Amino acid sequence: MVQTADVLIVGGGIIGACLAHGLTRRGARVVMLDQGRLGGGVTSTSIAWINATAKSDDPIYYRLNAAGVAAWVGLAEELGAAAIGYGGDGAVAWADGDDPALEDQVARLEALGHDLARVDAAAIADLAPGAKLANGAWGYRARADRWVDAPAAVARLAAAVRARGGVLREDTRVGTIRLSSGGVALETNRGAFAADRLVIAAGLATQELVALAAGPEIARMVPVRRDPCLLVDTPAQGVAAALRVHLVPPGPSGLHVRPMPGGGFRFGSDTAVAAITTRRGQPDATAAVAGLIGEAAGLYPDLAAPGLAAACSWRVGVRAIPGDGVSIAGAVPGADRLHVVVTHSGVTLAPLLGDLVAIELTGEPPSPLLAPYRPDRFITAA
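Just so you know, these numbers come straight off a predicted model, no measurement behind them.

**Q** Can you help me understand the overall build of the chain in this one?
**A** Helix and strand content of the chain: 11 helices and 20 strands. Here the chain has a C-alpha radius of gyration of 21 Å; the compact-globule value for 382 residues is 21 Å, and the two agree. Expressed as a percentage of its 382 residues, the buried residues of the chain come to 53%. The contacts of the chain with a sequence gap of at least 6 include a subset with a gap of at least 24, amounting to 70%. Approximately 15900 Å² of the chain is accessible, and the part contributed by carbon and sulfur atoms is 53%.

**Q** When you look at helix α5 (residues 150–163) in this model, what are you seeing that I'm missing?
**A** Residue pairs spaced three or four apart in an α-helix point in one direction, given the helix's 3.6 residues per turn. Between its first and last C-alpha atoms α5 spans 20 Å; for 14 residues at 1.5 Å apiece the expected length is 20 Å, and the two agree. The set of residues buried in α5 consists of A150, A152, A153, V154, L157, A158, A160 and V161. Of the surrounding elements, those touching the buried residues of α5 are α1 (14–25), α2 (59–79), β8 (167–169) and α10 (346–361). At the C-terminal side of α5, G165 shows a positive phi close to 95°.

**Q** How do you make sense of the nonpolar core when you look at a structure like this?
**A** In summary, soluble globular proteins display a tendency toward joint burial of nonpolar side chains. Core analysis: the biggest nonpolar cluster contains 49 residues, and I9, I14, L23, W72 and V148 have the highest contact counts within it. Top contributing element to this core by residue count: α10, with 10 residues. Leaving out residues up to four positions away in the same chain, W72 has contacts with I14, I50, I84, Y86, V148, A153, V347, T348 and P351. In this structure, V92, I124, A137 and L255 belong to the second largest nonpolar core, which totals 35 residues.

**Q** Help me out: how do you make sense of the pairing of strand β14 (residues 256–259) in this one?
**A** Remember that side chains alternate between the two faces of the sheet whenever the strand is regular. Because side chains alternate across β14, one face comprises the buried residues H256 and R258, and the other comprises V257 and P259, equally buried. Alignment of β14 against strand β15 (residues 265–269), held across 4 bridges, turns out to be antiparallel. Pairing of P259 across the sheet is with F265, part of β15. Counted along the chain from β14 to the antiparallel partner β15, the turn is 5 residues long, and its residue G263 has a positive phi close to 100°.

**Q** Would you mind going over the pattern of salt bridges with me for this structure?
**A** Charged atoms that come close allow side chains of opposite charge to pair. Tallied over the full model, the rule gives 19 salt bridges. With a shortest N-O distance of 3.5 Å, E364 and R26 are connected by a salt bridge. Note that E364 is positioned in the loop between α10 and α11 (377–381) and R26 in the loop between α1 and β2 (30–33), a separation of 338 residues in sequence. The exposure class assigned to E364 is partly exposed, which follows from its relative accessible area of 38%. One salt-bridge network, held together by shared partners, links R26, D355 and E364.

**Q** Looking at this model, I keep getting lost on α1. Mind explaining?
**A** Between its first and last C-alpha, α1 extends 16 Å over 12 residues, near the 16 Å set by a 1.5 Å rise per residue. Burial runs high along α1: 11 of the 12 residues are buried. Burial in α1 covers these residues: I14, I15, G16, A17, C18, L19, A20, H21, G22, L23 and T24. Looking one or two places after α1, you find G27, whose phi comes out positive at around 90°.

**Q** What should I look at first to understand the environment of I9 in this one?
**A** Assignment of secondary structure puts I9 in strand β1 (residues 2–10). Judged by relative accessible area, which is 0%, I9 ranks as buried. Separated by 193 residues in the primary sequence, I9 and A202 have C-alpha atoms spaced 8.8 Å apart. The residues contacting I9, other than those within four sequence positions of it, are G16, L19, A20, L23, V30, V31, M32, L33, V199 and A201.

**Q** Looking at this model, I keep getting lost on the side chain of D145. Mind explaining?
**A** Along the chain, D145 falls in the loop between β6 (138–142) and β7 (146–147). It is R146 that comes nearest to the buried, bridge-free D145 among opposite-charge side chains, at 6.8 Å. A polar atom in the side chain of D145 sits 3.1 Å from the side chain of W49. Residues within four places of D145 in sequence aside, it is in contact with W49, I50, N51, A52, T53, D89, G90, A91 and H114.

**Q** Would you mind going over the environment of A160 with me for this structure?
**A** Mapped onto the secondary structure, A160 falls in helix α5. Residue classification places A160 among the buried residues on the basis of a relative accessible area of 17%. For the pair formed by A160 and L79, sequence separation is 81 residues and the distance between their alpha carbons is 8.7 Å.

**Q** Even after reading the chapter, I still don't get the packing of α2 against α10, so can you show me in this structure?
**A** When two helices pack together, their arrangement is captured by the angle between the axes and the distance separating the axes. Taken N-terminus to C-terminus, the directions of α2 and α10 make an angle of 75°; their axes are 7 Å apart at the nearest point. By the angle class used here, α2 and α10 are roughly perpendicular. Here α2 contributes Y61, L64, N65, A67, G68, V69, A71, W72 and L75 to the contact with α10, which in turn contributes V347, T348, L349, P351 and L352. Across the contact of α2 with α10, the residue classes break down as 11 nonpolar, 3 polar and no charged.

**Q** Any chance you could explain the packing of aromatic side chains here in plain terms?
**A** Aromatic rings in a pair are described by how distant their centres are and how their planes are angled relative to each other. Throughout the structure, instances matching the rule amount to 4 aromatic pairs. Aromatic side chains W72 and Y86 sit 6.3 Å apart centroid to centroid with 15° between the ring planes, which places their arrangement in the stacked category. Here W72, found in helix α2, pairs with Y86, found in the loop between α2 and β4 (91–95); they are 14 residues apart in sequence, far enough to count as distant. The pair W72 / Y86 is uniform in exposure class, with both members buried. Ring-pair connections join several aromatic residues into one group, and the members of that group are F265, F267 and Y300.

What counts as what
Per chain, residue numbering runs from 1 following the sequence as it is written. Only residues with pLDDT of at least 70 get local features here, since the model is predicted, and only at 80 or more are side-chain atom pairs given and counted; chain-wide, interface and lining totals rely on the full set of residues. In computing side-chain properties, one takes all heavy atoms of the structure into account and sets aside hydrogens as well as water. By the criteria applied, helices consist of DSSP H or I runs no shorter than four residues and strands consist of E runs no shorter than two, each listed in order from the N terminus. Taken over C-alpha atoms, the radius of gyration is set against a globule rule of 2.2 Å times the number of residues to the power 0.38. Each residue gets one of three labels from its accessible area relative to the maximum for its type: buried under 20%, exposed over 50%, partly exposed in between, using a 1.4 Å probe on protein chains only. Whether two residues are in contact is decided by their heavy atoms: any pair within 4.5 Å suffices. For accessible areas, the Shrake-Rupley method is used with a probe of radius 1.4 Å. Any residue's cover is judged against the shown protein chains and nothing else. Working rule for helices: expected span equals 1.5 Å times residues minus one. Nine residue types can take part in a nonpolar core, namely buried Ala, Val, Leu, Ile, Met, Phe, Trp, Tyr and Cys, and a core is a set of them joined through side-chain atoms within 4.5 Å. Between any two strands, pairing holds if DSSP finds at least two bridges. Throughout this description, the term salt bridge denotes a Lys or Arg side-chain nitrogen within 4 Å of a carboxyl oxygen of Asp or Glu. The charge count treats Lys and Arg as positive and Asp and Glu as negative. His and the chain ends do not count. As used in this structure description, the phrase polar contact means that two N or O atoms lie within 3.5 Å; if the pair is within protein, one of them must be able to donate a hydrogen and the other to accept it, and residues adjacent in sequence are counted only when both atoms belong to side chains. In this analysis an axis means a line fitted to C-alpha atoms, helices contributing only their contacting stretch, and an angle means the value between N-to-C directions, from 0 to 180 degrees. Should an angle fall under 35 degrees it is called roughly parallel, over 145 degrees roughly antiparallel, and 65 to 115 degrees roughly perpendicular, with every other angle called oblique. When residue character is reported, Ala, Val, Leu, Ile, Met, Phe, Trp, Tyr, Cys and Pro are called nonpolar, Asp, Glu, Lys and Arg charged, and the others, Gly included, polar. Between rings of Phe, Tyr and Trp, where Trp is taken as its six-membered ring, a pair exists when centres lie within 6.5 Å; planes separated by under 30 degrees are stacked, by over 60 edge-to-face, and by other angles tilted.

The following block contains the structure:
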């Protein structure tokens, strides 16, 4: 028996779930498929910092991300902020002294009208109780930034989609995709599916699935690269419970710090992942985790306690980054009825992109916000 829908979504992470939510709210019949469990891929390995603060280099992309931050406010009200771990009271980044790069970022954010306040060491200490700071520390507080428990958000979105008749299938691997002017047909290990439109929201698998549907030439319009990040979760720490902001302290690893619901910290770093080695055919992060904990102990000295690194859990989140670093969202030229959505930061942008793409797929006029992010821009680049 073939399961039918108006829209098939391949990918059950935060982007796919937000898209399914937006579509079913508009009355569309939706089937969403994931090769694993919903929210169990890259969504589950994100530090989940909701922000436009890190996008100040590109004013147009900054505005898209700022709209994404705002979209989370409404989604948290709808789903229940506590139920999805939506919280925090901004983000704080600082330097220990003169830092032209940070000064330049602050100037760019101020020019963009970002909700920003300059802070000194005393103000940072109030926002991060127990943190050890240099006397000359200074930086900024981005007041609108938040965080979320992304897997919990996916679970709540999935429940809402199911309540409106949406069909969600886990452990479903796509075997073949056939596109035609009349619709889309998929064969999977869990049966056949057909729909009017297909949306690929599968992160790192995006290009592979587009190639399966439309061939390698078309797939070149959705270039995606892998960007790993080491995430470390500590056991409960007393100082973590008092933290209400996402921290970006100075240091060599690009360390990020946020509290977790269990009372511990989550640390993230783009560069520390390079210290992961292989031992007996298995990844060994002993040195990488110890190095990150050691850096964090410069901020919170209690983290220098013997044995803490061994008590931490860790994983590598491999993020999907479009080829030019910004979102890809929309119909794929030359591929009937095929659409893609892939981006970093997926967590920040998911509610906004889910809503804007749902608007298009249900026949409403497209948003000008998405005009710079269509797949056909890579035709021009080529």
